[in-house]
Amino acid sequence: MAKNTNPNNKTTPPQPARTANPVAAVTPSKMPGVKMLCLLLAIIAFLTYSGTFNHSYVLDDLMIVHGNNLVTKGVSAIPEILTTPYLHGYAFMPNDVYRPISLVTLAIETQLFGINPSVNHAMNVLFFVGCVVFLFLFLYNLFEGKKTLVAFIATLLFAVHPIHTEVVANVKSRDELLCFMFGFLALFQFTKYAKSGKVAALAIGAFCFLLSLLSKETSIAFLAIIPLIFLTYLNEDKKKSIHIIAGSVAVAVLFLVFRFVVLKQNHADDPGYLHFIDNQLVSAPGYASRLATAILVLGSYIKLMFVPYPLICSYAFNSIPTVSFGNVWVLLSLAVYAGFFAFAIFRLVNKGKDPIAFGILFFIITLAITSNIFFLIASVMAERFLFFASVGFCLVIAVLLEAWVTKNNPDAGQQLWNTKMWMVLAPVAIILAVLSVNRNAEWKDNFTLFTADVEKAPSNARLNFYLGNEMGNNYADQAPDLNTKNQIIDQSIPYLQKAVAVYPHFYDAHVALGTAFFKLKRFDSAERHYKLG
């Protein structure tokens, strides 16, 4: 057959079909790789809290670091740490808890670096980075890689939200960080097992869940979260889901049994040993008032997620009023939670794998165990109680933002560099990060923290005691001469007097007042307050 030598008679290669919608032509390649996103989120989290590296010890750090004789012994004390209650190395507590893992890490740091707050704070930041990375990996797997943008936005908001400052800037909250990090590493491993069926992933997940519980019992809430995930979202293989749920329950039972034995043997299992100054609900007029006040606190948590100001280190009496069901804010809070819960159940039943429903239920379930509704805990309210729950909030916001940006187009949902999205996300993230950095600065030391917080909550008995006690002791002891020292002690007295005016039976505040008056040689006043204490 003769060759075709006509240059104008060439075969035209097929042309790609044109699309009328340029957004639909976007491919997943527009989204950076998972490793790159993890690195980006890690850097953001690290930079947000790097300002805490030079901070001192604050608040309860004394009980678990430099004042804990087990931690100060270093690694030789690890066997005793693993078999005794949390505060065993500091003081006997009739109502103690069992959280050995954070103490083990601190003992190792002490062995290597001595009592060094900079090292402890730096490690806290690194553990927070781990929390952020494993949260992103879990969310990425939860949505099977189809909602990478949602996973990124939710994790970014989590990383910069100032509600987490207490957890990261307070060395004592190492227990919360490790509980979260190991908890989400467990969920990530469980999602890997659900997809691959590799037994190693299941075993690693179960072990990480145990480490999470040994860090802090907060992750016991995962006994409700795990069935939600593997019976609703990643439920293609029922057998694997049952393995994950059964393994988690077995680990939780093991932990609870060992915890019970340790606390029982050390006579640290008295659940009724609670102080009014820590949780005013122990003296609420009745169960209805206790329940109403707890519901009011739940409403305050939602407010802090949207508007994280003011943030204070203690919500003791009387930052939170004791109220009844006649209070309009209680009714509003109850209506909001009931509405959200019903809405989530409705979407779960009708849509199945619905991320909004998951976010709402995650928020409610993880917050429930510290809500004071089912049982009383050692605090009426604390920002650290939102550390887990905030994941659900951030996830819902991320889903709504992604839906607005992409109009539910699956390809557009794989774009990270979306101008429309960043016009909203960037200002919000920057504002939250700035608030976090500013709040970090207030956690520099006890005097700085208490001075800042008592201005925000001037009627808080505990904050006034904290500041007055710190001024009259540590701060006064740094004075260059006796005259200046006495002036500082004299300035501390109004704060201590305010503390006992708010709560007349405040034992510690009366003792601090007696000590202050004694140092000033005002012996009659000192004797009066010592007797009241």
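Keep in mind the model is a prediction, meaning the values are calculated, not measured.

Points about the overall build of the protein chain
Across its full length, the protein chain carries 21 helices and zero strands. The principal-axis extent of the C-alpha atoms belonging to the protein chain is close to 120 × 55 × 45 Å. Split into buried and exposed, the 533 residues of the protein chain put 54% on the buried side. Counting only contacts in the protein chain whose residues sit at least 6 apart along the sequence, the fraction spanning at least 24 positions is 73%. Of the roughly 23,800 Å² of accessible surface on the protein chain, a fraction of 65% belongs to carbon and sulfur atoms. With 39 positive and 30 negative side-chain charges, the protein chain shows a separation of 13 Å between the mean positions of the two kinds.

Observations regarding unusual backbone geometry
Cis geometry is found at the peptide bond from Tyr309 to Pro310, where omega equals -5 degrees. Here Pro310 is to be found in the loop between helix H12 (287-306) and helix H13 (328-351). Look at the link from Phe317 to Asn318: it is a cis peptide, with omega at 0 degrees. Here Asn318 lies in the loop between H12 and H13.

Regarding the environment of Lys521
Looking at the element boundaries, Lys521 is found in the loop between helix H20 (507-519) and helix H21 (523-532). Residue Lys521 is classed as exposed on the basis of its relative accessible area, which comes to 63%. Measuring from C-alpha to C-alpha, the distance between Lys521 and Ile493 comes to 14 Å, with 28 residues separating the pair along the chain.

Digging into the confidence of the model for the protein chain
Confidence in the prediction for the protein chain averages 91 pLDDT; 93% of positions are at 70 or higher. A low-confidence stretch, residues 1-13 stays under pLDDT 50, and its non-local contacts, those more than four residues away or across chains, total one contact. Confidence over residues 16-29 falls short of pLDDT 50; this stretch has eight contacts with residues more than four positions distant or in other chains.

Section: the pattern of salt bridges
Under the definition given, this model contains 20 salt bridges. A salt bridge links Arg462 to Asp278, with the nearest nitrogen and oxygen atoms 2.3 Å apart. With Arg462 in helix H18 (residues 461-477) and Asp278 in the loop between helix H11 (238-265) and H12, this pair connects stretches of sequence that are 184 residues apart. A residue is classified by how much of its surface remains accessible, and Arg462, at 14% relative accessible area, is buried. One salt bridge connects Asp490 with Arg522, and the closest N-O pair in it is separated by 3.8 Å. Taken as a pair, Asp490 in helix H19 (residues 482-502) and Arg522 in the loop between H20 and H21 lie far apart in primary sequence, 32 residues in all. A relative accessible area of 40% means that Asp490 is categorised as partly exposed. Here the salt bridges do not stand alone but share partners, grouping Arg99, Lys172, Asp175 and Glu217 into one network.

A closer look at the packing of helix H8 (residues 174-196) against helix H10 (residues 222-233)
As a packed pair, H8 and H10 sit with axes 12 Å apart at the nearest point and diverge in direction by 25 degrees. It follows that H8 is roughly parallel to H10 by the angle criterion. Read as a crossing pair, H8 and H10 show a hand that is right-handed. On H10, the residues that touch Gly183, Phe184, Leu187, Phe190, Thr191 and Ala194 of H8 are Phe222, Ile226, Ile229 and Phe230. Looking at the contact of H8 with H10 residue by residue, the classes come out as eight nonpolar, two polar and no charged.

What counts as what
Residues numbered from 1 in each chain as written. Predicted model: local features only at pLDDT ≥ 70, side-chain atom pairs only at ≥ 80, totals over all residues. Heavy atoms only, no water. Helix = DSSP H or I, 4+ residues; strand = E, 2+ residues; numbered from the N terminus. Buried < 20%, exposed > 50% of the residue type's maximum accessible area, 1.4 Å probe, protein only. Contact = heavy atoms within 4.5 Å. Areas by Shrake-Rupley, 256 points an atom, 1.4 Å probe, with all protein chains shown as cover. Lys, Arg positive; Asp, Glu negative; His and termini not counted. Charge placed at Lys NZ, Arg CZ, Asp CG, Glu CD. pLDDT = per-residue confidence, 0-100. Salt bridge = Lys/Arg side-chain N within 4 Å of Asp/Glu carboxyl O. Axes fitted to C-alpha atoms, helices over the stretch in contact; angles between N-to-C directions. Parallel < 35°, antiparallel > 145°, perpendicular 65-115°, else oblique. Left-handed = near helix turned anticlockwise from the far one by under 90°. Nonpolar A, V, L, I, M, F, W, Y, C, P; charged D, E, K, R; others polar.

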